[in-house]
Amino acid sequence: NNSSVKLARCNSNACDAPTIHTLATAGGFTADVAFDSQDKPIVAYVDGMNADLKIAFCQDSACSTWATLPLDNETVSMKPLSLEMDSSGYPVISYYRHVEQPVNSVNQLLHCNDALCAGGDLNGIQVAHSTRWSLSRDKRRGRRCNLDSM
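Residues numbered from 1 in each chain as written. Predicted model: local features only at pLDDT ≥ 70, side-chain atom pairs only at ≥ 80, totals over all residues. Heavy atoms only, no water.

J.: What am I meant to see in the pairing of strand S5 (residues 52-58) here?
T.: Successive side chains on a regular strand alternate, one facing one side of the sheet and the next facing the other. Most of S5 is tucked away: seven of the seven residues are buried. Residues Asp 52, Lys 54, Ala 56 and Cys 58 point to one face of S5 and Leu 53, Ile 55 and Phe 57 to the other, with burial holding for every one of them. Across six bridges, strand S4 (residues 41-47) lies against S5 in antiparallel orientation. Residue Val 43 lies in a different strand from S5, and its bridge partner there is Ala 56. Between S4 and S5, which pair antiparallel one after the other, the connecting turn spans four residues, and Ala 51 there sits at a positive phi close to 60°. As judged from the six bridges shared by S5 and strand S6 (residues 66-72), these two strands associate in the antiparallel manner. (Buried < 20%, exposed > 50% of the residue type's maximum accessible area, 1.4 Å probe, protein only. Helix = DSSP H or I, 4+ residues; strand = E, 2+ residues; numbered from the N terminus. Pairing = 2+ DSSP bridges.)

J.: Could you clarify how one ought to interpret the side chain of Asp 86 in this entry?
T.: Note that Asp 86 resides in the loop between strand S7 (82-85) and strand S8 (91-98). At a separation of 2.8 Å, a polar atom in the side chain of Asp 86 contacts the main-chain amide nitrogen of Ser 88. Not counting residues within four places of it along the chain, the set of residues in contact with Asp 86 comprises Val 92 and His 111. (Polar contact = N/O pair within 3.5 Å; in protein donor to acceptor, adjacent residues only side chain to side chain. Contact = heavy atoms within 4.5 Å.)

J.: How should I be thinking about the pattern of salt bridges in this particular structure?
T.: Oppositely charged side chains can pair when the atoms bearing their charge come close. Taken as a whole, this structure holds one salt bridge when the rule is applied. Linking Asp 47 and Lys 54 is a salt bridge whose minimum nitrogen-to-oxygen distance equals 2.9 Å. We classify Lys 54 as buried; its relative accessible area is 16%. (Salt bridge = Lys/Arg side-chain N within 4 Å of Asp/Glu carboxyl O.)

J.: How should I be thinking about the nonpolar core in this particular structure?
T.: One recurring pattern in soluble globular proteins is that nonpolar side chains are buried together. Counting 17 residues, the largest nonpolar core has Leu 53, Ile 55, Leu 71, Leu 81, Ile 93 and Tyr 95 as its most contacted members. Counting residues per element, the ones that place at least two in this core are S4, S5, S7 and S8. In this structure, Leu 53 is in contact with Tyr 45, Leu 69, Pro 70, Leu 71, Asp 72, Val 76, Leu 81, Ile 93, Tyr 95 and Leu 110, ignoring residues within four places of it in sequence. Core analysis: the next-biggest nonpolar cluster, separate from the first, contains 10 residues, Leu 23, Val 43, Tyr 45 and Trp 66 among them. (Core = buried A, V, L, I, M, F, W, Y, C linked by side-chain atoms within 4.5 Å.)

Shown next, in the form of structure tokens:
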């Protein structure tokens, strides 16, 4: 599998020659991107080689340097994940984790304790397989997190 996590950064309004940043090169990923208070991209993704949830932070204005942190090293599902920033600028990630039968996977909501997810314990919430977290943006009311029944 030649899959990799890449971020294209436009250098002009036409975006005819974007700069491509490769964040990870192992096969099989699901990813989402958000932006910090300085408009630098943050990428949450599942590392397909180890099935780990990771987060990558752009470290400079050109994003030529990235800091990557593992967030969950349990078996994480390749189902889609969602990344948003809360009102304090802390990452919030909705993702699926594999569990024992009969469920197969449960939805997790991970809320970092600081802007770089480096402040010790992460706040995680596990919900039943029949429930789905939905992270969404609302331009009039800010960001919100919805809990939907499937």
